[in-house]
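Spelled out from the first residue to the last, the chains are:
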Amino acid sequence: MEIKEGDLKYLSGFGSELSSEDPRCPDALPKGQNNPQRCPYGLYAEQLSGTAFTAPREFNKRSWLYRIRPSVLHKPFEPFPYEENNGEVKVVPSFSNFPPEPNQMRWLPFPFPQTPGVDFVDGLKTICGAGEVHSRNGLAVYIYTCNYSMTNKAFYSADGDFLIVPQQGSLNIRTEFGKMMVAPGEICVIQQGMRFSVDVSETETPTRGYILEVFGTHFILPYLGPIGANGLANPRDFLHPTAFFEDLTTTFTIVSKFQGHLFQAKQNHSPFDVVAWHGNYLPYKYNLDHFMTINSVSFDHVEMRWGAEMANKECRESSLIRKGSINLHCVDCPFS
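The numbering scheme is per chain: residues are counted from 1 as the chain's sequence reads. Residue-level local features of this predicted model are given only where pLDDT is at least 70; pairs of side-chain atoms are given and counted only at 80 or more, and the full residue set underlies all totals for whole chains, interfaces and linings. Neither water nor hydrogens contribute to the side-chain values; these are computed over all heavy atoms in the structure.

**Let's talk about the environment of Gln267**
Here is step 1 of the chain: Inspection of the secondary structure puts Gln267 in strand E20 (residues 261-267).
Here is step 2 of the chain: With relative accessibility at 5%, the residue Gln267 sits in the buried group.
Here is step 3 of the chain: Residues Gln267 and Thr249 lie 18 residues apart in sequence; the distance between their C-alpha atoms is 9.2 Å.
Here is step 4 of the chain: Once residues lying within four places of it in the same chain are set aside, the contact partners of Gln267 are Leu73, His74, Arg195, Thr250, Thr251, Phe252 and Ile254.
Here is step 5 of the chain: For Gln267, the side chain forms a polar contact with the main-chain oxygen of His269, separated by 2.9 Å. Strands are runs of DSSP state E lasting at least 2 residues, helices are runs of H or I lasting at least 4, and numbering of each runs from the N terminus. A simple rule labels every residue: compare its accessible area, found with a 1.4 Å probe on the protein chains alone, to the largest value its type can have, and call it buried under 20%, exposed over 50%, or partly exposed in between. Throughout, a contact is declared for two residues whenever any of their heavy atoms are within 4.5 Å. Polar contact is the term for a pair of N or O atoms within 3.5 Å; when the atoms are in protein, one must be able to donate a hydrogen and the other to accept it, and sequence-neighboring residues count only if both atoms are side-chain atoms.

Following this line, the structure appears as structure tokens:
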């Protein structure tokens, strides 16, 4: 189902098989083929895989993108020059080198940038984490603070999925799949390998929020256990962007997070040149107001068949998104 919010359109359905094409190029999606010898409009077909391509069908995550230029048209990656800035660690490959901290910890709000021109990547800083990216087991929690849009710059993580939680200021996020506007009270997930760029509103700067990155797996909705068929986060409330491309010839910087380090590469065109796509490996956002709580009924009543369910079902995880929320409570290695 297509849903309109402001000037943007979204497709709904968590984990659904969806398709979209920019209305400026009708019939850009190949009919009955994923990778034809000649794509419509002379586009290039690329598959973005979120799992091994031999994974069972019920677990397989992949999307086909039809773009103006191949994504490999860039210069070699080089180390990002600001991986450590003023002693602040941006990303960490392994948390095993930091001593564990068993005590409860809290902090004041992180300060906003004092100088102009700080974008999403420049304002990224690691707070805490567990595990390591090399074994693809663990997570990291970041804070971002920024007052400037990512101009001719894109970012992607090759290590894991980014769950972004704006705390102050809305984010206008461009992805290869289209655009999303994510406000405080909403979350969004940019999955592993997806390029995106963050623009901040001039009326809402500076901007601040949190990021949870999980290594080696993807966020899924939990089993509902004795709750039954309905409740908590409904799949139809998760929104995916619709195709929107830009055909720009200009110097673009691609920042990559790979094996816990940052790298950058230059290219002469925008990476957001995907005219059409289809698949089930997509970015998405979710409005937390739609989360239907249990016990303290917020706005809806579910099927109340608890007794029968508890007699023959095991109560499983019941958090919003299983991997992220379960692991978030296991973070025990804060550092400065």
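**A few points about the sheet that holds strand E10 (residues 137-146)**
Here is step 1 of the chain: Ordered in space as E1-E2-E18-E22-E15-E12-E17-E10-E9, the nine strands form an open sheet in which the pairing is antiparallel. Here the strands that pair on one side only, and so sit at the sheet edges, are strand E1 (2-5) and strand E9 (124-132). Each strand of the sheet is rotated relative to its neighbour by a mean of 25°, with strand direction disregarded. At least two DSSP bridges between two strands are required for those strands to pair. Axes here mean lines fitted to C-alpha atoms, for a helix over just the part in contact, with angles spanning 0 to 180 degrees between N-to-C directions.

**Things to note about the sheet that holds strand E21 (residues 274-279)**
Here is step 1 of the chain: Pairing within the open sheet is antiparallel, and its four strands lie in the order E3-E21-E5-E4. Looking at the sheet topology across the chains shown, the edges are occupied by strand E3 (18-21) and strand E4 (44-49). When the angles between neighbouring strand axes are averaged without regard to direction, this sheet yields 20°.
Here is step 2 of the chain: Here four bridges tie E3 to E21, and the two strands are oriented antiparallel to one another.

**Notes on the nonpolar core**
Here is step 1 of the chain: The criterion is simple. A nonpolar core is a set of buried Ala, Val, Leu, Ile, Met, Phe, Trp, Tyr and Cys residues joined through side-chain atoms within 4.5 Å. The biggest cluster of nonpolar side chains holds 42 residues, and the ones touching the most others in it are Phe120, Ile164, Phe196 and Trp277.
Here is step 2 of the chain: In terms of residues, this core owes the most to one element, E10, which gives four residues.
Here is step 3 of the chain: Within the second largest apolar cluster, 18 residues are counted, among which are Ile127, Leu212, Phe219 and Phe238.

**Concerning the side chain of Arg67**
Here is step 1 of the chain: Within the fold, Arg67 resides in strand E5 (residues 62-67).
Here is step 2 of the chain: Within the structure, the side chain of Arg67 is placed 3.4 Å from the backbone oxygen of Arg69, a separation counted as a polar contact.
Here is step 3 of the chain: In this structure the side chain of Arg67 is engaged in a polar contact, spanning 3.0 Å, whose partner is the side chain of Glu176.
Here is step 4 of the chain: Excluding residues within four positions of it along the chain, Arg67 makes contact with Leu43, Tyr44, Glu46, Glu176, Pro271, Asp273, Val274 and Val275.

**Let's talk about the environment of Lys179**
Here is step 1 of the chain: Looking at the secondary structure, you find Lys179 in strand E14 (residues 178-182).
Here is step 2 of the chain: Using a relative accessible area of 32% as the deciding quantity, one classes Lys179 as partly exposed.

**Brief notes about the pattern of salt bridges**
Here is step 1 of the chain: For this analysis, a salt bridge means a side-chain nitrogen from Lys or Arg found within 4 Å of a carboxyl oxygen belonging to Asp or Glu. Tallied over the full model, the rule gives 16 salt bridges.
Here is step 2 of the chain: We note a salt bridge from Asp22 to Arg24, for which the minimum N-O separation is 2.7 Å.
Here is step 3 of the chain: Residue classification places Asp22 among the buried positions, given a relative accessible area of 2%.
Here is step 4 of the chain: Across the salt bridge formed by Arg174 and Asp199, the nearest N and O atoms sit 3.7 Å from each other. Here Arg174, found in strand E13 (residues 171-175), pairs with Asp199, found in strand E16 (residues 196-200); they are 25 residues apart in sequence, far enough to count as distant.
Here is step 5 of the chain: When its relative accessible area of 16% is taken as the criterion, Arg174 is described as buried.
Here is step 6 of the chain: Owing to a relative accessible area of 21%, Asp199 belongs among the partly exposed residues under this scheme.

**Notes on the confidence of the model for the protein**
Here is step 1 of the chain: Across the chain, each position has a pLDDT score giving the predictor's confidence in that residue, from 0 to 100. Summarising the model, the protein shows a mean pLDDT of 87, and 85% of its residues fall at 70 or more.
Here is step 2 of the chain: Confidence drops under pLDDT 50 across residues 305-320; counting only partners more than four residues distant or on other chains, this segment forms 31 contacts.
Here is step 3 of the chain: Across residues 322-336, confidence stays below pLDDT 50; counting only partners more than four residues off in sequence or on other chains, it has 41 contacts.

**Things to note about the packing of aromatic side chains**
Here is step 1 of the chain: Pairing of aromatic side chains requires ring centres within 6.5 Å, counting the rings of Phe and Tyr and the six-membered ring of Trp. Pairs whose planes differ by under 30 degrees are stacked, by over 60 edge-to-face, and all others tilted. Within this structure, the stated rule accounts for 14 aromatic pairs.
Here is step 2 of the chain: Residues Phe155 and Phe162 carry aromatic rings whose centres are separated by 5.6 Å and whose planes lie at 45° to one another, so their mutual orientation is tilted.
Here is step 3 of the chain: Judged by relative accessible area, Phe155 falls into the buried class, the value being 1%.
Here is step 4 of the chain: Taken together, a centroid distance of 4.4 Å and an interplanar angle of 25° make the contact between Phe238 and Tyr286 stacked.

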